[in-house]
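Residue strings, one per chain:
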Amino acid sequence: MINNIKQLESSPIARTNMVKLGLSSTDTIRKLLRSDSNLYQVDFGYRYFKKARGERYDQFYKRLHVEVKHLIRSNLCLDDKQDVKYELTNLGKGYYAYFFLNHAFKVGSQEHIELESRISELIAKLSESGSLNKLVEGLFSLRIKMALLEKTSDIFETEASYFNSEIYLNARYSALKGAKKGKGVIEAFKLSVYASEQNELAFSLHKNKFLVNVSNELRVNLDDESIWFNTVSGKQDVNRKLDARNSKLLFFKDRSLYGESQAYTLNVVMNMVQKCLEQADISHQDITFQATHEVDSFSTDLDASLSNQLYVVESSSCFTDTQRQSFTERLQETFPQAEFISSTEVNKIANSDNKCSFLVLNPVNEGKNNSIHSSNAQKSSDEFSGFWQAFEQYQKDPSVSWDLYTNLKLNRLESWLKESPFNAPYKE
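Note that the structure is predicted; figures quoted are calculated from it, not measured.

1. Describing the packing of helix 4 (residues 132–151) against helix 5 (residues 262–279)
Phase 1: Between helix 4 and helix 5, whose axes approach to 10 Å, the crossing angle comes to 115 degrees. In the packing of helix 4 onto helix 5, the handedness of the crossing is right-handed. Together, Phe140, Arg143, Ile144, Ala147, Leu148 and Lys151 of helix 4 and Val268, Val269, Met272, Val273, Cys276, Leu277 and Gln279 of helix 5 make up the contact between the two elements.
Phase 2: Looking at the contact of helix 4 with helix 5, its residues break down into 10 nonpolar, one polar and two charged.

2. A word on the pairing of strand 8 (residues 184–195)
Phase 1: Within strand 8, 10 of the 12 residues are buried, leaving the element largely enclosed by the surrounding structure.
Phase 2: As judged from the six bridges shared by strand 7 (residues 166–175) and strand 8, these two strands associate in the antiparallel manner. Residue pairing across strands places tyrosine 173 opposite isoleucine 186, the latter belonging to strand 8.

3. Thoughts on the sheet that holds strand 14 (residues 310–314)
Phase 1: Taken in spatial order, the three strands of this open sheet run 15-14-16, and their pairing is parallel. Edge positions in the sheet fall to strand 15 (339–341) and strand 16 (357–361), since each has one partner strand and no second. Neighbour to neighbour, the strand axes of the sheet diverge by 30 degrees on average, direction disregarded.
Phase 2: Relative to strand 15, strand 14 runs parallel, the two sharing three bridges. Its bridge partner lying in strand 15, valine 312 is registered against phenylalanine 340.
Phase 3: Relative to the sheet, helix 9 (residues 404–418) contacts strand 14 and strand 16, its axis offset from that of strand 16 by approximately 155 degrees.

4. Some points on the sheet that holds strand 4 (residues 86–92)
Phase 1: Spatial strand order, 3-5-4: three strands in an open sheet with antiparallel pairing. Across the chains shown, the open sheet's two edge strands, defined by having one partner strand only, are strand 3 (40–48) and strand 4. In this sheet, adjacent strand axes meet at a mean angle of 25 degrees when their direction is disregarded.
Phase 2: For strand 4 and strand 5 (residues 95–103), the ladder comprises six bridges, and the chain directions are antiparallel. Note that in strand 5 the partner of tyrosine 86 across the bridge is phenylalanine 100.

5. With respect to the packing of aromatic side chains
Phase 1: Throughout the structure, instances matching the rule amount to 13 aromatic pairs.
Phase 2: Measuring from centroid to centroid gives 5.9 Å for tryptophan 388 and phenylalanine 391, while their planes differ by 85 degrees, and the two rings are edge-to-face. Of the two residues, tryptophan 388 and phenylalanine 391 are both situated in helix 8 (residues 387–396); the distance of three residues between them amounts to about one turn of the helix.
Phase 3: Under the relative-accessibility criterion, tryptophan 388 is labelled exposed at 60%.
Phase 4: Each residue in the set Phe49, Phe60, Tyr61 and Tyr96 is aromatic and connected to the rest through ring pairs, giving one cluster.
Phase 5: Note that lysine 125 overlies the ring of tyrosine 95, its terminal NZ or CZ placed 4.7 Å from the centroid.

Criteria and thresholds
Here the residue index of a chain counts from 1 through its sequence in written order. Where totals are concerned, whole chains, interfaces and linings use all residues; where local detail is concerned, this predicted model gives features only for residues with pLDDT of at least 70, and gives and counts side-chain atom pairs only at 80 or more. Hydrogens and waters are ignored; side-chain quantities use all the structure's heavy atoms. Working convention: axes come from line fits to C-alpha atoms, limited for helices to the stretch in contact. Angles between N-to-C directions cover 0 to 180 degrees. Labels follow the DSSP assignment, with helices taken as runs of H or I lasting at least four residues and strands as runs of E lasting at least two, numbered in each case from the N terminus. We call a crossing left-handed when the near helix sits turned anticlockwise from the far one by less than a right angle, and right-handed when that turn is clockwise. The contact criterion used is simple: two residues touch if any of their non-hydrogen atoms lie within 4.5 Å. In this count, Pro and Cys sit with the nonpolar residues alongside Ala, Val, Leu, Ile, Met, Phe, Trp and Tyr, while Asp, Glu, Lys and Arg are called charged and the others, Gly among them, polar. Relative accessibility thresholds used throughout: buried, under 20% of the residue-type maximum; exposed, over 50%; partly exposed, between the two (1.4 Å probe, protein chains only). Strand pairing is assigned whenever DSSP detects at least two bridges linking the two strands. Only the six-membered ring of Trp is used, alongside the rings of Phe and Tyr, when aromatic pairs are assigned; centres must lie within 6.5 Å, and planes under 30 degrees apart are stacked while those over 60 apart are edge-to-face, with the rest tilted. Two thresholds decide whether a charge sits over a ring: the Lys NZ or Arg CZ must be within 6 Å of the ring centre and within 35 degrees of the ring normal.

So this is what it looks like as structure tokens:
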């Protein structure tokens, strides 16, 4: 199925954002809930929250956070002026678990016995629904975020901000040119933790952007609906959240220095993950990536003849005569053995010869990232970021009509999937 493939003997091993746990979900949960300090331990509660009719989701989550903070303050006997840090996890079907730090309970005390009882009750409840991995997510998320808050102040320029169960790392402030003094943009990474049913932990960072104002007020962050960043430029009050995908705004620039990059931030997170797992005495193994095979000849390797017959297809009539002549001459120089065919001949050749290759000339509209488009799909072409997103849509609705090149790839992939799978050797 794959031509020109050879095995690699000593390819480098790359670190990933995943860890394999050596314990079952139940044992991992009990380890994470175990007290590692004489001062505090992880405590939790869970409750059903229902979205009111006509209530917007942003309003619902604000109300949810306010109620959770009230429950935690009541549990810890705190007044409304004292802020709390916690982790909130959606268990599904309207149930949410919240994890927080409580005073350490003496082993054998009434509080300790009640905590053990609540742990067993929650594990049994989530075992029935198959949601134990959600509990692992929430518990480890609290652990890693508290560790990051404690240790990263000397790593990042801006200290980590923890708000309503979300942590923002490696924040950078940029002043807005021409705007009112003090107004700017904060770029930061938000950490997410995912636990699989196969006892794996995965960590991802998502870029977030906020429009902020410099705050001249001297007050503690007690507002359950406000986010603050303490930067070297002073305290920044978040005005509103911006779309991090919008690259047309002038101040949306990529980070160039490694210390400001997503890769560096994730490396800091993974180092903290190792320490948290060791502290909790949870056996684990890094999940690494290593290339085991490579294809040593490609269509761009002009020194070698192509193993497949190459067919060049012009899929659109929108090219001008000048454009058509230009790319035809260029392709004839590059691939002298290629055969130019019309789009009507493609299906016949593709069905009769599985070893042929197609080079399809597709126009790309201005502002689009690729040439993928569909005539009957619910999504428009600019919403398909790549082939795999198109494949996902194809699986949901095989009747959708695609552009010629995407349709060829879908048909070829489908035929491969029906064959015996290609098994590359896997190294533990």
